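Examination of the molecular architecture
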Amino acid sequence: MSEFLTKLQAFEGQVLTPTTWGPDEVNTPMIRHWVETMGDTSPVYLDDEAARATGRDGAVAPALMAQVWTMRTFNDKMANNDPSQVWTDLIATLDDEGFTSVVATDSDFEFFVELRPGDRVSLTEVIDNISEEKKTGLGVGHFVTTLKTYRRGGDDEVVATQRWRTLRFKPKAKADEAPKPKGLRPRPALNVDNAFWFEAAKEHRLVIQRCTNCGVLRHPTGPMCGACQSLDWDTVDASGRGVVYSFVVNHHPQIPGFEYPLIVATIELEEGTRLIANMTGIAPADVEIGMPVELDWIDADPDLTLPAFRPAAREDS
């Protein structure tokens, strides 16, 4: 056995989740939601008489709901969202050896006891097994299996067990594969109300729609003035100067045609209107709300040009 496998298998048997009780007892309203969602029409889940006719003491919960009774509430999950230290250490051990990718492979449930309304269920989870190195279609890796045990309060009887298996693997080298094309940015949904704006962008002109009746500027573009309801309009050329009103930095999902991390900002132009645009020439950590910016252009492809903004050049004192 390799030294690394010995290190991995030392995690077997360690506790990931100590015995934790579900927030609520098994109850009929939750069972009703479940069976209606799943389309399970068996009467033994909601009808005591139908259940007794099958030899049961009354209505029972569907076996697959075992996990439901131990799920944390939303507030509890947000307040206690840290993974166990054992799991953190295991993943770090795998990551250090290059097993950085993961895919779920299977979930194996066994059921032993039927639950009834009023029962309380607890959950305990341990690391059950870590395999030796395996060769798979995704790459070499180790199968990590955890064991969840569900018990009923009162008699501590095992209700069900669940073995959850994932593959932690090294992605196959892709040096021999041809590089994938960068891809095109998504196309704008052009219509009679916005086509003029994108045509101006192709000429590196940032225009703002203006109501010719009351003079109000508006963006996004539209057929009617929101101030006076006039349908008459023209455009003015923006100066290209503004400030960062707000921003986010996108890391995932990564869509072809974009470079990541991607800064998406709301820019307030000095004319008063705002628009959403990417930022260029700056690292995400250096972007600040209120910082001055100036117009740049992204010529994404021959058919699409979009305005972007970069930090404004400093004026010489």
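Check the entry above for the structure.
Along each chain, residue indices are assigned from 1 in the same order as the chain's sequence is written. Residue-level local features of this predicted model are given only where pLDDT is at least 70; pairs of side-chain atoms are given and counted only at 80 or more, and the full residue set underlies all totals for whole chains, interfaces and linings. Hydrogens and water are ignored here; the side-chain numbers use all heavy atoms of the structure.

To continue, consider the sheet that holds strand 11 (residues 262–269). Sheet architecture is closed into a barrel: five strands sit in the order 10-11-12-14-13, paired in mixed fashion. Each strand axis lies, on average, 45° off the axis of its neighbour in the sheet, ignoring direction. Here, any two strands with at least 2 DSSP bridges between them count as paired. A run of DSSP states H or I qualifies as a helix once it reaches four residues; a run of E qualifies as a strand once it reaches two. Both are numbered from the N-terminal end. Alignment of strand 13 (residues 292–301) against strand 14 (residues 304–311), held across eight bridges, turns out to be antiparallel. The partner of Trp297 across the bridge, within strand 14, is Pro307. Helix 6 (residues 195–202) contacts strand 12 (274–279), strand 13 and strand 14 of the sheet and is inclined by roughly 70° relative to strand 14. To obtain each axis, a line is fitted to C-alpha atoms, and for helices this fit is confined to the stretch in contact; angles are then taken between N-to-C directions over 0 to 180 degrees. By the convention used here, residues are in contact when the closest approach between their heavy atoms is within 4.5 Å.

By the element assignment, Ser122 lies in strand 3 (residues 121–130). Each residue gets one of three labels from its accessible area relative to the maximum for its type: buried under 20%, exposed over 50%, partly exposed in between, using a 1.4 Å probe on protein chains only. Judged by relative accessible area, Ser122 falls into the buried class, the value being 1%. Excluding residues that lie within four positions of it along the chain, Ser122 makes contacts with Thr19, Thr20, Trp21, Thr70, Thr149, Tyr150 and Arg151.

Here we take up the pattern of salt bridges. By convention in these notes, a salt bridge is any Lys or Arg side-chain nitrogen within 4 Å of a carboxyl oxygen on Asp or Glu. Applying the stated criterion to the full structure yields 16 salt bridges. A salt bridge links Glu132 to Lys134, with the shortest nitrogen-to-oxygen separation between them at 3.8 Å. Since its relative accessible area comes to 46%, Glu132 is described here as partly exposed. A salt bridge links Asp155 to Arg152; its shortest N-O distance comes to 2.9 Å. Taken together, the shared-partner salt bridges in this structure form one network comprising Asp119, Arg152, Asp155 and Glu157.

Quick look at helix 5 (residues 85–96) now. Each residue after the first adds 1.5 Å to the expected span of a helix. Between the first and last C-alpha of helix 5 there are 16 Å, a value that for 12 residues agrees with the 16 Å anticipated at 1.5 Å per step. Within the sequence span of helix 5, burial applies to Val86, Leu90, Ile91, Thr93 and Leu94. In an axial view of helix 5, the angular spread of the buried residues amounts to 155°, which keeps them on one side of the axis. Away from its buried face, by an angle of more than 90 degrees, helix 5 presents the exposed residues Gln85 and Asp96. Buried residues along helix 5 sit in contact with helix 1 (3–9), strand 1 (15–21), strand 3, strand 5 (140–152) and strand 6 (157–169). Where helix 5 terminates, the next one or two residues include Gly98, which has phi positive at roughly 95°. The arc in question is traced by the directions running from the helix axis to the C-beta atoms.

A few words on unusual backbone geometry. Glycine aside, residues mostly have negative phi, and peptide bonds are mostly found in the trans state. Here His252 and Pro253 are connected by a cis peptide whose omega angle stands at -10°. On the secondary structure map, Pro253 appears in the loop between strand 10 (241–250) and strand 11. The peptide bond linking Tyr260 to Pro261 adopts the cis configuration, its omega dihedral lying at 0°. Relative to the assigned elements, Pro261 resides in the loop between strand 10 and strand 11. Positive phi, close to 55°, is recorded for Asp156, a residue that is not glycine. With respect to the element layout, Asp156 can be found in the loop between strand 5 and strand 6. Take Asp156: its relative accessible area is 48%, and that puts it in the partly exposed class. Of note in the backbone geometry, His204 takes a positive phi value of approximately 60° without being a glycine.

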